[in-house]
Amino acid sequence: QAARKKRRAQNRKAKAARLAPRPAAGLLRPVVHPPTQRYNMKLRLGKGFTIEELREAKIPMKLAPTIGIAVDHRRRNRCTESLQANVHRLKLYRSKLLVFPKKSGKKGVKKGDTPKSELQNVAQNTLKEIIPVERPALRVKARAITSEEKEASAYKRMKKARTDKKYEGAKRKKAEGEKKDA
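Residues numbered from 1 in each chain as written. Predicted model: local features only at pLDDT ≥ 70, side-chain atom pairs only at ≥ 80, totals over all residues. Heavy atoms only, no water.

Engineer: Explanation requested: the layout of surface pockets in the structure shown.
Structural biologist: Rolling a probe over the atoms, with the probe sized like a water molecule, indicates the empty space that remains. For the second largest pocket, the calculated volume is near 290 Å³. Taken together, 15 residues form the lining of the second largest pocket, with Val31, Ala85, Asn86, Arg89 and Glu134 sitting closest to its centre. Counting residues per element, the ones that place at least two in the lining of the second largest pocket are strand S1 (31-32) and helix H3 (80-96). Looking at which element gives the most residues to the lining of the second largest pocket, the answer is H3, with 7 residues. (1 Å grid on protein atoms, 1.4 Å probe; cavity = no way out; pocket = protein on both sides within 12 Å on 5 of 7 lines; lining within 4 Å. Points joined across faces, edges and corners; volume = space filled by probe spheres on them. Helix = DSSP H or I, 4+ residues; strand = E, 2+ residues; numbered from the N terminus.)

Now the structure itself:
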């Protein structure tokens, strides 16, 4: 569909021109792990940043949507790694952000606005994602098996762990009995 491809490209251009100087991708979104075992090793963009992530990045919750950051009050942080990754993402965005004053003149400039000298001919971010997601390579380079790995038996290790778990209570009871006798 060559004509449709052309039309889509024109629509993307028109949308970017309409949003300029804001990023064409829309709001900044967090990096999340999709649900279920099948996809949870991958990374994708989520709906919005959690309140905790915004707090860590020192961005007020009410200010976030006004400077192009998506907020999702329902999402929870289940691990510190993803929390830190998203906080880093927010800080990086904040460092690159240029805030235009709402009104012209001296009275229109508010605290946090970018100085006028830096706002001359600002380039628009036309990437699909404002800050691209760094997807780690899932392929592991092939290497020779070490002698240590050859000697180690996963079966024996699992069997030992299973028997240790089974007799743990009895071992503890025996140790307590010996402690009382002594």
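Engineer: What am I meant to see in a positive patch on the surface here?
Structural biologist: Residues Arg4, Arg7, Arg8, Arg12 and Lys128 make up a contiguous surface patch of positive charge. Mapping Arg12 onto the fold places it in helix H1 (residues 2-19). (Patch = residues over 30% accessible without salt bridge, like charges linked within 9 Å, V, L, I, M, F, W, Y side chains within 5 Å. Areas by Shrake-Rupley, 256 points an atom, 1.4 Å probe, with all protein chains shown as cover. Salt bridge = Lys/Arg side-chain N within 4 Å of Asp/Glu carboxyl O. Lys, Arg positive; Asp, Glu negative; His and termini not counted. Charge placed at Lys NZ, Arg CZ, Asp CG, Glu CD.)

Engineer: Whenever I open this one, the side chain of Asp72 confuses me. Can you help?
Structural biologist: Within the secondary structure layout, Asp72 lies in the loop between helix H2 (51-56) and H3. Of note is the side chain of Asp72, whose polar atom sits 3.2 Å from the backbone nitrogen of Arg74. Excluding residues within four positions of it along the chain, Asp72 makes contact with Lys47, Gly48, Phe49 and Thr50. (Polar contact = N/O pair within 3.5 Å; in protein donor to acceptor, adjacent residues only side chain to side chain. Contact = heavy atoms within 4.5 Å.)

Engineer: What should I look at first to understand the nonpolar core in this one?
Structural biologist: If you look at soluble globular proteins, the nonpolar side chains tend to sit buried side by side. If you look at the biggest cluster of nonpolar residues, it comprises 14 residues, and the most contacted ones within it are Leu28, Phe49, Leu54, Ile59, Ile69, Leu90 and Tyr93. Top element by residues in this core is H3. It accounts for 4 residues. With sequence-adjacent residues up to four places away left out, Ile69 is seen in contact with Leu27, Leu28, Phe49, Leu54, Ile59, Ala64, Leu90 and Tyr93. (Core = buried A, V, L, I, M, F, W, Y, C linked by side-chain atoms within 4.5 Å. Buried < 20%, exposed > 50% of the residue type's maximum accessible area, 1.4 Å probe, protein only.)

Engineer: Hey, could you run me through unusual backbone geometry in this one?
Structural biologist: In terms of backbone geometry, most residues other than glycine have negative phi values and most peptide bonds are trans. In the segment running from Ala20 into Pro21, the intervening peptide bond is cis, with an omega of 5°. Phi at Thr36 takes a positive value of approximately 70°, unusual for a residue other than glycine. Counting through the fold element by element, Thr36 comes out in the loop between S1 and strand S2 (44-45). Looking at Thr36, the relative accessible area reads 52%, which means it is exposed. Its identity as a non-glycine residue notwithstanding, Lys58 has a phi of 60°, on the positive side. Judged by its relative accessible area of 68%, Lys58 falls in the exposed class.

Engineer: Looking at this structure, I do not really get the pattern of salt bridges. What am I missing?
Structural biologist: Pairs can form between side chains of opposite charge once their charged atoms are near each other. One pass over the structure, following the stated rule, counts 7 salt bridges. Ionic pairing is found between Glu149 and Arg143, a salt bridge with its closest N-O pair at 3.0 Å. As a salt-bridge pair, Glu168 and Arg172 come within 2.8 Å of each other at their nearest N and O atoms. Of this pair, Glu168 and Arg172 both sit in helix H6 (residues 168-181), 4 residues apart, which is roughly one turn of the helix. For Glu168, a relative accessible area of 41% puts it in the partly exposed group. The partly exposed category is assigned to Arg172, whose relative accessible area is 48%.

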